Number of protein chains: 4
Amino acid sequence: MNKYRDLQQECYEANLALPKYGLVDLTFGNVSVLDAAKGIVAIKPSGVDYEKLKAEDMVLLDLGGKQVGGNFRPSSDTATHIRLYRAFAGIRSVAHSHSRYAVAFAQAARSIPCLGTTHADYFHGEVPVTRPMTAKEIQGSYELETGNVIVERFKELDPLHIPAVLVHGHGPFVWGTSGLKAVENAFALELVAEMAWRTMQINPQAGPLSTALLDKHFLRKHGAGAYYGQK
Amino acid sequence: MNKYRDLQQECYEANLALPKYGLVDLTFGNVSVLDAAKGIVAIKPSGVDYEKLKAEDMVLLDLGGKQVGGNFRPSSDTATHIRLYRAFAGIRSVAHSHSRYAVAFAQAARSIPCLGTTHADYFHGEVPVTRPMTAKEIQGSYELETGNVIVERFKELDPLHIPAVLVHGHGPFVWGTSGLKAVENAFALELVAEMAWRTMQINPQAGPLSTALLDKHFLRKHGAGAYYGQK
Amino acid sequence: MNKYRDLQQECYEANLALPKYGLVDLTFGNVSVLDAAKGIVAIKPSGVDYEKLKAEDMVLLDLGGKQVGGNFRPSSDTATHIRLYRAFAGIRSVAHSHSRYAVAFAQAARSIPCLGTTHADYFHGEVPVTRPMTAKEIQGSYELETGNVIVERFKELDPLHIPAVLVHGHGPFVWGTSGLKAVENAFALELVAEMAWRTMQINPQAGPLSTALLDKHFLRKHGAGAYYGQK
Amino acid sequence: MNKYRDLQQECYEANLALPKYGLVDLTFGNVSVLDAAKGIVAIKPSGVDYEKLKAEDMVLLDLGGKQVGGNFRPSSDTATHIRLYRAFAGIRSVAHSHSRYAVAFAQAARSIPCLGTTHADYFHGEVPVTRPMTAKEIQGSYELETGNVIVERFKELDPLHIPAVLVHGHGPFVWGTSGLKAVENAFALELVAEMAWRTMQINPQAGPLSTALLDKHFLRKHGAGAYYGQK
């Protein structure tokens, strides 16, 4: 197991970042991290308190979903995480939470519109919501099908530019280039959901950011022309 | 009194969990625990600060409402608790709070609709609100009658599948299979009330979860087919 | 000055309770306490940080408004406090805050309706809002006139049964039988304002509590027939 | 560099006050301080965590925007800050945040109306929102142009009486006579935004404060006739 120690450590630290950012109630939420070269995913065990977690508790699975390490059962959402790694090239971590404002949009079946530059700094356009799942999908391989409706929703979207989705009636799945980055994106999502909700209450006609401003802010922080932060 | 020490301890710990979960303002709120075999209920004393509580302060009563131990007067809501133990077979603890979002629904005379999977993980359908009490009920044995309107409301509902109710114009009563579980359910109720409120503001037409998804999430965590958490 | 040390101490502790209850932002807010027998009021000095306050900093004034002790200038709202002591027999302390939910009702020029038992446990009916002040009143003895519009508003109300008011466009003044009790009432006011606001959003038609339930809860805690708490 | 040590220290302390007041999420936000005599501005470096900041990290620039000290790149918003110092005589510090309620108004393209005395204590009238920027402005010298639309908006306003603005779709810029005062004003802005939002929900017809009351409260704290606080 030693060869996955770094992966487990990164996964462990990312899971602890969920409560640190205030994204967790009860035992809801989980983060996984992918070692793409080895084809191995580390993920939080199911239903374990965040205070009791240890790095070596992180469950290890291959991309076929077969458990290859760890003494606990993996998160019940594992099949969703793996589905995303298989579909979205370039993501290294997936974070799932029931953070309160993002869940409200998911329950309302509403995408989060891009109403300001805070949103544009993290997400290059609205954060989409999936279609309702069919009874057949729910009663079948539910967690895998959850992944499938996410992938379906991103058919014409770039998951590296919009690293989050709202699963209809459920909550957000968010991803990133590292465990901590995925959780940071999950926190940014919660923040823009909160501010979008309030904006819509102050002015129901509030329109999305102009394309020029959306591009400016996203590209100020991302890609070849980024000039935010230190070199 | 020593033979009830464990019961008092469980009741004490559950009462302390109320402020720990942020469910308490001032001295509102109380938890009781039942020892069904002995027919004895332990409950918080009335109007005592949570910081000053001790395990041995928990008041002991039989199911006829007669005080059999403890030096304080029991919670003024004691008759409501006892009414629920007599009506709902299988519950071991009752928690009452004035938690802010659940109270808002109770004051609005609105059930909390099941709008998402967070709700379905804890409550198998909407959390109902009782009818208004009559002047006669209020001026009579008020706390007992409060229990009666709850029992009336659950005539066609299973209290083990929907372990909470909103008392019209007042607030929530929540129950569970242990002191801590009842308080956890009270926290989950507050959480889903908060998210339901916000969902209804984002989309007033937001519909309830499909039956398939409601069943999937409730049964993923409860009953014979549960597969959430560790064995 | 020593003969007022107890009065200063009570006033000091009550002022510190304001930030403890989360009722204070910046330097807004102040509490006074009356020694009715001596005709002396202690009050917070104006614009001093709560962290730097000392008991001996509490300013002492007679009921004519003349400063008789303390090295600081009294709160700029002093004349309002003194006006209330002169009009409302039986109150021993006045607390003023800019607590956020109560201010919102004051700014909205709306009384806080009694929508639930939490409200009825503290206030025997809606918490009223004053009329707008005239330019003449504002440009004259503003703080005294603020007291006058409060007294005018209570012409047909019992200040001992409704120990709070919202000053139009400004915020709450709350009173009680001791320094700490006045601040507890100010916290209860903020709490019921928060829950009333949310109730009105969930159900704009939510009606006030029935008279029977209002009386039951208020009288369960207040007056000769009270049975809440310990003897 | 030693001759700017005091300026860096003041700037450093003001930047730390942003998270202390709860005005910061992630790395959003920055404060600058001007030494008008020397024509030098100190500002937070770009994208550096608040926990890791040191006083000597504060970047130094002249009013032409040329970096004259510090090892980091300055905040990406630097050109906006400098534009304000050049236009608004008498301000010594500028604070920018993405505080949640103020951002909601900026995203909603709504000024914050003066609905109460808390607002009037800090801002002599509504806090204005800028017009949307053109694509040309955004794609050109974006941060400088952001400063230009603020200056344009204040053509007929006194920046010393209304020390804050909302940049359309973005967030607040706030200023003051010292680093800590600018941040205090930013906190006051967030507070009045929160209360204004809630007021508008309770009563959509809530009108602005009367001119008499606006003047009374602003002038009670500011200018020659001020009588709030200690001498």
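Fair warning: this is a prediction, and the values are worked out from it, not measured in the lab. The residue count restarts for each chain, going from 1 along the sequence in the order it is written. Whichever chain is written first is A, and whichever ligand is written first is 1; the rest continue in order. In keeping with the model being predicted, local features are shown solely for residues with a pLDDT of at least 70 and side-chain atom pairs are shown and tallied solely at 80 or more, while totals for entire chains, interfaces and linings include all residues. Each side-chain value is worked out from all heavy atoms of the structure, with water and hydrogens disregarded.

Next up on the list: the overall build of chain A. Within chain A, the secondary structure is distributed over eight helices and seven strands. Along the first, second and third principal axes, the C-alpha atoms of chain A reach 50 × 50 × 35 Å. The burial tally for chain A puts 61% of its 231 residues in the buried class. Working rule for contacts: check all heavy atoms of both residues, and any pair within 4.5 Å makes them a contact. Sequence-distant contacts, at least 24 apart, represent 63% of the contacts inside chain A between residues at least 6 apart. Of the accessible surface of chain A, which amounts to about 8900 Å², a share of 51% is contributed by carbon and sulfur atoms. Only four residue types enter the charge count: Lys and Arg as positive, Asp and Glu as negative, with His and the chain ends excluded. One atom stands in for each charge, and that atom is NZ of Lys, CZ of Arg, CG of Asp or CD of Glu. Where the 24 positive side-chain charges of chain A centre and where its 23 negative ones centre are 2 Å apart. Each helix corresponds to a stretch of at least 4 residues labelled H or I by DSSP, and each strand to a stretch of at least 2 residues labelled E; elements are numbered beginning at the N terminus. Note on classification: 1.4 Å probe, protein chains only; a residue is buried when its accessible area is under 20% of the maximum for its type, exposed when over 50%, partly exposed between these limits. Residue-level accessible areas treat just the shown protein chains as cover; the underlying method is Shrake-Rupley with a 1.4 Å probe.

The next thing to look at is the sheet that holds strand β4 (residues 67-69) of chain B. Residues and elements named next belong to chain B. Paired strands, in this sense, are two strands between which DSSP finds at least two bridges. Overall, antiparallel pairing links the seven strands, which are arranged β4-β3-β2-β1-β5-β7-β6 in an open sheet. Each edge of the open sheet is held by one strand with a lone partner, namely β4 and β6 (164-167). Between one strand axis and the next, the sheet turns through 25° on average, direction left out of account. The pairing of β6 with strand β7 (residues 171-176) spans four bridges and is classified as antiparallel. Paired with Ala164 across the bridge in β7 is Val174. Think of each axis as a best-fit line through the C-alpha atoms, taken over the contacting stretch in the case of a helix, with angles from 0 to 180 degrees between the N-to-C directions. On the sheet, helix α1 (residues 5-20) packs against β1 (30-35), β2 (40-43), β3 (59-62) and β5 (93-96) and is oriented at approximately 155° with respect to β1. Across the sheet, helix α7 (residues 179-202) is in contact with β1, β5, β6 and β7; its angle to β7 comes to roughly 140°.

For chain A, the average pLDDT comes to 96, and 99% of its residues sit at 70 or higher. Scored as a complex, the prediction yields pTM 0.97 and ipTM 0.95. Values of pLDDT, the confidence the predictor places in each residue, fall between 0 and 100.

Here we come to the interface of chain C and chain B. Between chain C and chain B, the residue contacts involve 34 residues of the former and 31 residues of the latter. Summed over both partners, buried area is the accessible surface (1.4 Å probe) that two parts give up on being assembled. For the pairing of chain C and chain B, the buried interface totals around 2900 Å² over both sides, and the portion due to carbon and sulfur atoms is 56%. Of all residues in chain C, Arg198(C), Ile202(C) and Gln230(C) give up the largest surface area on contact with chain B, accounting jointly for 22% of the area buried on that side. For this analysis, a salt bridge means a side-chain nitrogen from Lys or Arg found within 4 Å of a carboxyl oxygen belonging to Asp or Glu. Where chain C touches chain B, the interface holds three salt bridges. Between Glu194(C) and Arg100(B) there is a salt bridge; the shortest N-O distance is 2.6 Å.

By the secondary structure assignment, Glu194(C) is in helix α7 (residues 179-202). Whenever two N or O atoms come within 3.5 Å, that pair is a polar contact, provided that in protein one can donate a hydrogen and the other can accept it, and provided that, for residues adjacent in sequence, both atoms are side-chain atoms. Engagement of the side chain of Glu194(C) in a polar contact is seen with the side chain of Arg100(B), the distance being 2.6 Å. Excluding residues within four positions of it along the chain, Glu194(C) makes contact with Arg100(B) and Tyr101(C).

In this section: the interface of chain B and chain A. The interface is formed by 34 residues belonging to chain B together with 32 residues belonging to chain A. When the two sides are added together, the surface that chain B and chain A hide from each other amounts to roughly 2900 Å², 56% of it contributed by carbon and sulfur. The largest share of the area that chain B buries against chain A comes from Arg198(B), Ile202(B) and Gln230(B), three residues that together contribute 22% of it. Where chain B meets chain A, there are three salt bridges. Taken together, chain B and chain A are joined by 18 residue pairs in polar contact (both at pLDDT 80 or more). Counting residues per element, the ones that place at least two in the side of chain B that touches chain A are α4 (117-122), α7 and α8 (211-221) of chain B.

Let us now look at the pairing of strand β6 (residues 164-167) of chain D. Of the two faces of β6(D), both are covered, the one formed by Ala164(D) and Leu166(D) as well as the one formed by Val165(D) and Val167(D). Hairpin connection, β6(D) to strand β7 (residues 171-176) of chain D: the antiparallel pair is bridged by three residues, and Gly169(D) has positive phi, about 70°.

Where helix α3 (residues 100-108) of chain B contacts α7(C), the axes come no closer than 8 Å and their chain directions differ by 55°. Relative to α7(C), α3(B) is oriented oblique. The handedness of the crossing between α3(B) and α7(C) is right-handed. For the pair formed by α3(B) and α7(C), the contact residues are Arg100(B), Tyr101(B), Val103(B), Ala104(B), Phe105(B), Gln107(B) and Ala108(B) on the first element and Phe187(C), Leu191(C), Glu194(C), Met195(C), Ala196(C), Arg198(C), Thr199(C) and Ile202(C) on the second. Residues are grouped as follows: nonpolar covers Ala, Val, Leu, Ile, Met, Phe, Trp, Tyr, Cys and Pro; charged covers Asp, Glu, Lys and Arg; every other residue, Gly included, is treated as polar. Taken together, the residues that form the contact of α3(B) with α7(C) break down as 10 nonpolar, two polar and three charged. For this classification, under 35 degrees means roughly parallel, over 145 means roughly antiparallel, 65 to 115 means roughly perpendicular, and everything else is oblique. For any helix crossing, the convention is left-handed if the near helix is rotated counterclockwise from the far helix by under a right angle, and right-handed if that rotation is clockwise.

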